Amino acid sequence: MKTKIRAGQMTMTADTLAYMVGGALVSRNAHIPSAVAGICTDSREVDGQTMLCAIRGERVDGHNFIPNAARAGCKYFLCERLPEGWDDDELMGTQPVTAIIVLDTVAAMNRLAAAYRETYLPHVKTVAITGSVGKTTTKECTAAVLGAGLSVFKKDGNFNSTIGLPLTVTEISPDYDAAVLEMGMSGRGEIYTMSTSVRPDVAVIANVGSSHLEHLGTRENIARAKLEIMAGLRSGGTLLINGDEPLLAHLGQDFEGEKPTLREDINVLRLSLGRNPDADFTATVKGQRDGGMIFDLTVHASAGIYDQDTTLCDLWVPAVGEHMVWAGGFSVATGLLCGLDEEEARRGLSQYRSADMRQSVRSVSGVSIIEDCYNAAPESMRAALGVLDMTAAVDGNPAIRRRVAVLGDMRELGEQSVALHRSVGAEVARRGVNLLVTVGALGAEIAAGAISAGMNPDCVRVCGGADTYGDAAAWLSDCLRTGDTVLFKASRAMTLEKLAAAVAERLV
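Residues numbered from 1 in each chain as written. Predicted model: local features only at pLDDT ≥ 70, side-chain atom pairs only at ≥ 80, totals over all residues. Heavy atoms only, no water.

A. Highlighting the sheet that holds strand β9 (residues 178–182). Pairing is mixed in the open sheet, where nine strands are placed in the order β8-β9-β7-β10-β11-β12-β13-β14-β15. For this open sheet the edge positions go to β8 (152–154) and β15 (310–317), each flanked by a neighbour on one side alone. Neighbour to neighbour, the strand axes of the sheet diverge by 20 degrees on average, direction disregarded. Its contacts with the sheet put helix α12 (residues 342–350) on β14 (292–299) and β15, and the angle it makes with β15 is roughly 20 degrees. (Pairing = 2+ DSSP bridges. Helix = DSSP H or I, 4+ residues; strand = E, 2+ residues; numbered from the N terminus. Axes fitted to C-alpha atoms, helices over the stretch in contact; angles between N-to-C directions. Contact = heavy atoms within 4.5 Å.)

What follows is the structure, given as structure tokens:
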């Protein structure tokens, strides 16, 4: 990944960067201060104005690529050690190069983000979003809402790790009014690091799901990891949480053992879909219209935005599914917290567009194809099945058109993986899906769960992995007919978009 440093009129040099990260400068031949215009983590992307951050990974050590990068013209490196041959002109080249030596490159990158935020972006309203599923959808929706009244920075793609996020922060220009950032994690401490680097004004926890059970063991531990986003909130900032999730609604009071510490200098607000009477925002689903969801959002006086309970009626977000009401509710609430008025929030919400491979719906030869192939967890699988129902419905009746679900492996579910896959299969059967096609070894457990829950085995087909997509596409295209709606969803590793594309190509 490579990003440009957008520090406005300020010039960033290696000396400045070393001061920001607390590193020591070590030069060979001579240190000639010059502008550092970008940062990257891939030695193949370097140039004379880009600093290479050498990261020591489990399989690859970026320090080993410093000599190649130096010979390619890279002048600056952020690293934990000098590479072997640092003093060898034949290995390193003869041009002046400078290393900033730190104890931990990733930690230094996050210190750089924190210093950049405080130095160049103190006025930029920053929104940080996390959650087990739907982070990117909520990010895109929030950026759309804020964009109706503010100039907003939003990075396409998922740069939501302790490596990707600090690079993203340095790309934010001081000219922006607001920035919307996404925070993912695979273990404890990662969101803490990102939050304390970004110092958000508003932090959103969209939900707590089953993703990362493999690493964290319990949903309580996942909730604890998500609640780390409180750590970096600016004083007076707002934590906006899913008020219908028991592990969040009481901020961990029901946890056994370690309980999150609630800061007294931040505001905690809850969004509910009508299940929490103590919520500060209540979204009420009203139905579908023009390929999207209609909902009301009641802003209770406790939110501190209006003097009395106020309902914003008939908000419209242009995508279907209850999960879109969650995303829309969080985004409108965030917009109001950031100073937008109702009309701006309403207009911005209507401008939402889904990111690539997330709930893309298109019609091919009379067949509606829902491509939702970026990632999958039990919660998002159930949400996608709801979208399948809504997309296939005629006058609210999903039984009129055939519904086909093509579902594959969900990853990182740990010891509960088989049970969770089977629970998705049971949901397929409960909804009365007409045809189920599964791909992958774990996908086969979805099929088993559906059959155990009463689905006719003749309506279930089990396929292998990606190497069987050709045969699966041929079989599916022969089965599909005009009026059918077909959903494709699995974890990213399954590359299920390839099967969707192969089916669409055969249908043309």
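Now that the structure has been shown, the text picks up again.
B. Looking closely at the side chain of Asp409. With respect to the helices and strands, the residue Asp409 is situated in the loop between β18 (403–408) and α14 (417–431). Only 3.1 Å separates the side chain of Asp409 from the backbone nitrogen of Leu442, close enough to count as a polar contact. Residues in contact with Asp409, not counting those within four places in the same chain, are His421, Val439, Gly440, Ala441, Leu442, Gly443, Ala490, Ser491 and Met494. (Polar contact = N/O pair within 3.5 Å; in protein donor to acceptor, adjacent residues only side chain to side chain.)

C. Expanded view of helix α9 (residues 219–227). When α9 is considered as a whole, its buried residues turn out to be Ile222, Ala223, Arg224, Ala225, Lys226 and Leu227. Tucked into the core, α9 has its buried residues touching β7 (125–130), α7 (190–198), β10 (202–205), α8 (213–216) and α10 (246–249). (Buried < 20%, exposed > 50% of the residue type's maximum accessible area, 1.4 Å probe, protein only.)

D. Seen up close, the sheet that holds β18. With mixed pairing, the six strands of this open sheet are ordered in space as β16-β17-β21-β18-β19-β20. Strand pairing shows two members of the sheet lacking a second neighbour, β16 (360–364) and β20 (460–463), which therefore form its edges. When the angles between neighbouring strand axes are averaged without regard to direction, this sheet yields 15 degrees. Of the strand pairs in this sheet, β18 and strand β21 (residues 485–489) are connected by five bridges, and their pairing is parallel. Residue pairing in the sheet places Val404 in a bridge with Val486 of β21. Helix α15 (residues 443–452) contacts β18, β19 (435–439) and β20 of the sheet and is inclined by roughly 150 degrees relative to β19. Lying over the sheet, helix α16 (residues 469–479) contacts β18, β19, β20 and β21, oriented at roughly 170 degrees with respect to β19.

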